[in-house]
Number of protein chains: 2
Amino acid sequence: MENKVVDPTVQKALEKFRVLDEKISHFSSIIGLSDWDQKVMAPKKGRHTFAKAIGTLRTEVFKLSVSEEMGSLIDVLSVNESASSLDAVTMAKVREYKDYYQKAKTIPADLFQEYSILTAQANDAWEEARGTNDFDLFLPYLEKIINYKRKFAEIYGYEEHPYDAMLAEFEPGLTVKKLDPLFAKLRESTVSLLERIQQSGRPTPAEIFDQSYDVEKQKAFNRFILPLIGFDLEAGRLDETVHPFAQTVNTGDVRLTTRYLEHNVRSALFGTIHEAGHGIYEQNINPEFEGSVLQSGASFGIHESQSRFLENMVGRSKEFWNYFYPQIQNQFPEALENVTVEEFYRAVNTVQPSFIRVEADELTYNLHIMIRYEIEKALMAGEIEAKDLPAIWNEKMQDYLGVTPGTDTEGVLQDVHWSFGGIGYFPSYSLGNLYAAQILRKIKQDLPDFYYHIEQGRFDLIQDWLKENIHQYGKLYTPNELIQKVTGEELNAEYLVEYLEKKYSEVYGL
Amino acid sequence: MENKVVDPTVQKALEKFRVLDEKISHFSSIIGLSDWDQKVMAPKKGRHTFAKAIGTLRTEVFKLSVSEEMGSLIDVLSVNESASSLDAVTMAKVREYKDYYQKAKTIPADLFQEYSILTAQANDAWEEARGTNDFDLFLPYLEKIINYKRKFAEIYGYEEHPYDAMLAEFEPGLTVKKLDPLFAKLRESTVSLLERIQQSGRPTPAEIFDQSYDVEKQKAFNRFILPLIGFDLEAGRLDETVHPFAQTVNTGDVRLTTRYLEHNVRSALFGTIHEAGHGIYEQNINPEFEGSVLQSGASFGIHESQSRFLENMVGRSKEFWNYFYPQIQNQFPEALENVTVEEFYRAVNTVQPSFIRVEADELTYNLHIMIRYEIEKALMAGEIEAKDLPAIWNEKMQDYLGVTPGTDTEGVLQDVHWSFGGIGYFPSYSLGNLYAAQILRKIKQDLPDFYYHIEQGRFDLIQDWLKENIHQYGKLYTPNELIQKVTGEELNAEYLVEYLEKKYSEVYGL
């Protein structure tokens, strides 16, 4: 794609915009590497000092993004006559910077600084509150954060619901009006399915995981499957951290982490596959987007769809284990010698309501998200108050999942998100599941032998499809544009509902 | 120390200077971390792209260092009336930025850019030339580099010898006039000592190293001694690379690398101790200098003195092995069970002329440096030509060391330095040895039980002295100021001559 620009003012602006975009992207790449380093490699005594150094670079990126130069470039490149002569790639870049610029500019500088200090302190308070199971320690910070968020929503503006302004940060274009019916449909079917599973009287042999799985052998197995499922280890790394994550430096340098537990072989295994889903997405972005704002996933929800797709739709399929089970059985002969692949498959798809979101199974996970979504929505609308959250939380847990956490640490305090002001983030996780199921339906149309390919270990055919249809585009399309381009329709909850119904009917013989 | 500033113009300039210094230092810290990462951690497919990102940050640091703002701040803070009211710390910071600013400003931008491109290409050419033992591949680049360097010397200016302008970059204040007699004295005594060693007929049992030393056990031993000799592993790391180095992120994050060879236990052992000498220096710099240009060693030569002191004066002393030998013997019983500590000590101090500088022993090492020094000096003075270097090199090797390399790869092509334009760098290595011996003499006066402390493993007492007298000051003093402050006199070759004479007389029973 080429810009067909003749106007010399626009031409000049384009070149300046390219330089500025590249500088911001280069600095962001370095910040990404530094973040990874501080979590994975840095010795503890240097971290406090380094935080100041990286803070200086972050500030520089912020200043460049909201600079007068950026403002005037966006102005020049957004007016109709110029925009009509720009190619789609340039237009997408302008769109991204414009969104950020307009938002950042509407918040008064002192308000933003107060808020930044608050969230830094809130994170410490949350850690202490969770550690000591004392919600009251976190409450004053949470109340203030919600007040700020409500202020920000008013400043940003929104169509119908103040929560829309929060969603926009993580999933551009998504609103309460769109999300409510999607989640309602998913909730209804999930609760019903969960009930039938619990009444089925056909438990999975989940106890096969209650054994010792040698950590060194787990590491070997994880490194063995990573390249087979499509993650290029010459363009990335796999390390260990308590909280697994994926971090991109550039498309040739994508770093995953996982966590090995001797008595929980599933944790590293599905953690690694999940992060690989994020990582493969980033490795497959068009290299021409390198050094630009487009070198990133389309949205949090689309990113999560790629990790969920690989972890659940592929990694928890029967065909996946038909292919890999001999290897894992061979690696852990003592634990698995009397376990059939069918039993193993059923065990990795065990449904069991629990307190902790990050440990939840594929089915009940979405119920955890809906509880948070409803709470955040009501907080933003002023319908509930932060001080009542422990009670509301436990009530909803009982209502949706049939369990009540014994402590706030296992309940309302379990997630870090609110402490950094990440209201509107949680829905991304379930959006990921919804997108993934819709993409699954489409890929099965395009590759009728989808499951056969998995069974044959031909993950390359699947990754080629994902690259061709999703990964390569990076941030070129908005999430809504992308899902329509790929599947021909807007996000539709029906596909996840069908997928879960079919899968668990089979696993539990419903 | 406090600035007693009253003039509001100076007050304002001081605050701006502090902010600018901090920004440059923060960015430099991030560049340091990134350099380490690319050498130690980064997957290969991402490095080319990341080089562009880090290039952007380097350019930013350069622009800030030569910015108009920096120029006018230096002006304000350098005039007599302002300078007289500044504390020593601020004056040292101004001195550092002023030196750099004045130099950088004198080179026309286009000349500097041509030169930057040349050295990037020259490095590739050198690698190929060394790999294929073909000096002619590198020659045209080397000729151009020398031409540029001679141009730069004329632009920078110098007192007597154009090489002075090169030395200034690595060892401020040092000149050919000062260095010639130091090296002459050292050469004379070294050549004589080497002759006597070769005639002694009392070889060391160096063959004890021609055995297999398990790499995992080597790793364990290296990690065991590091904290004992003073390197804080909670404020640093030890990793592996082909070419060992030390890299500082900040005083709480200093990263060393080493290289383990199964059939060369000395390589990792003394390599680690050497890098630890650099690392401990950086860990001990006054934390108040953090985030400023002073958070670094005084010069290349002083830095090298700290690594050489720990590696040679401490790590190759008899008392060091009286303390550590039981542990290393215990670690490698098969290789060392019939070797006495006296034999081990003599073996680690084996003198053996050889072709490769980085593998040379403590005595002949300085002869390798002098060959390079004399060649560089003559090139800068136009007394010899680059095309004649292979012949000149081999002649000097025969003359000084009594050996002639079979190939240019083992001769004139062995070092990377000329390919990046690092003319003037080599003397730092021998300066390190000279400084170290002079410091040794002083520490033995202050701590008369110096060797007893080593024998007792009381490295803390030695490191406390080094911290108190050298490390804490970072870049506060120029190297010449520092050595005078510590030892009461200018650099004097006599101490190294005496030290080597005494040590090798004992080792070889002269």
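Source: prediction; values computed, not measured.

A. Seen up close, the UniProt feature "active site" (unreviewed entry) in chain A. Residues annotated by UniProt as "active site" (unreviewed entry) correspond here to E275 of chain A. If we ignore the near neighbours within four places in the chain, the residues touching E275 of chain A are P244, F245, A246, L256 and T257 of chain A.

B. Structural detail: the domain arrangement of chain A. Residues and elements named next belong to chain A. Taken as a whole, chain A is organised into domain 1 (8-106) and domain 2 (206-339 + 430-507). Taken together, the 19 residues of domain 1 in the interface contact 20 residues of domain 2. For the domain 1 and domain 2 pair, buried surface summed over both sides reaches about 1500 Å², with 67% attributable to carbon and sulfur atoms. Considering only the side of domain 1, the residues that lose the most area to domain 2 are W36, R95 and E96, jointly responsible for 34% of the buried surface there. At the boundary of domain 1 and domain 2, one finds zero salt bridges. Applying the counting rule to domain 1 against domain 2 returns six residue pairs in polar contact (both at pLDDT 80 or more).

C. Spotlight on a negative patch on the surface. Residue and element names in this part refer to chain A. Together, D124, E127, E128, D134 and D136 line one region of the surface with negative charge. Looking at which element gives the most residues to the negative patch, the answer is helix α6 (residues 109-132), with three residues. Looking at the secondary structure, you find D134 in the loop between α6 and α7 (135-156).

D. Here's a closer look at the relation of the copies chain B and chain A. Superposition of chain B onto chain A requires a rotation of 180° combined with a translation of 0.0 Å along the rotation axis, giving an RMSD of 0.0 Å. Such a combination of rotation and displacement between the chain copies is what one expects of a two-fold axis. Mapped onto chain A, 100% of the interface residues of chain B again fall at the interface, so both copies present the same surface.

E. Structural view of the pattern of salt bridges. Residues and elements named next belong to chain B. Enumeration according to the criterion identifies 58 salt bridges over all chains in this entry. Ionic pairing is found between R357 and D415, a salt bridge with its closest N-O pair at 2.9 Å. Taken together, the positions of R357 in the loop between α15 (341-348) and α16 (365-380) and D415 in the loop between α17 (389-401) and α18 (427-446) put the pair 58 residues apart, joining distant regions of the chain. For D415, a relative accessible area of 10% gives the class buried. A salt bridge links K387 to D388; the nearest nitrogen and oxygen atoms lie 3.2 Å apart.

Thresholds, definitions, all that
- Residues numbered from 1 in each chain as written.
- Chains lettered and ligands numbered in written order.
- Predicted model: local features only at pLDDT ≥ 70, side-chain atom pairs only at ≥ 80, totals over all residues.
- Heavy atoms only, no water.
- UniProt positions renumbered as here; feature names shortened; annotations may be inferred.
- Contact = heavy atoms within 4.5 Å.
- Domains from an automatic or database assignment.
- Buried area = accessible area lost by both parts, 1.4 Å probe.
- Salt bridge = Lys/Arg side-chain N within 4 Å of Asp/Glu carboxyl O.
- Polar contact = N/O pair within 3.5 Å; in protein donor to acceptor, adjacent residues only side chain to side chain.
- Patch = residues over 30% accessible without salt bridge, like charges linked within 9 Å, V, L, I, M, F, W, Y side chains within 5 Å.
- Areas by Shrake-Rupley, 256 points an atom, 1.4 Å probe, with all protein chains shown as cover.
- Lys, Arg positive; Asp, Glu negative; His and termini not counted.
- Charge placed at Lys NZ, Arg CZ, Asp CG, Glu CD.
- Helix = DSSP H or I, 4+ residues; strand = E, 2+ residues; numbered from the N terminus.
- Least-squares fit on C-alpha atoms with pLDDT ≥ 70 in both.
- Buried < 20%, exposed > 50% of the residue type's maximum accessible area, 1.4 Å probe, protein only.

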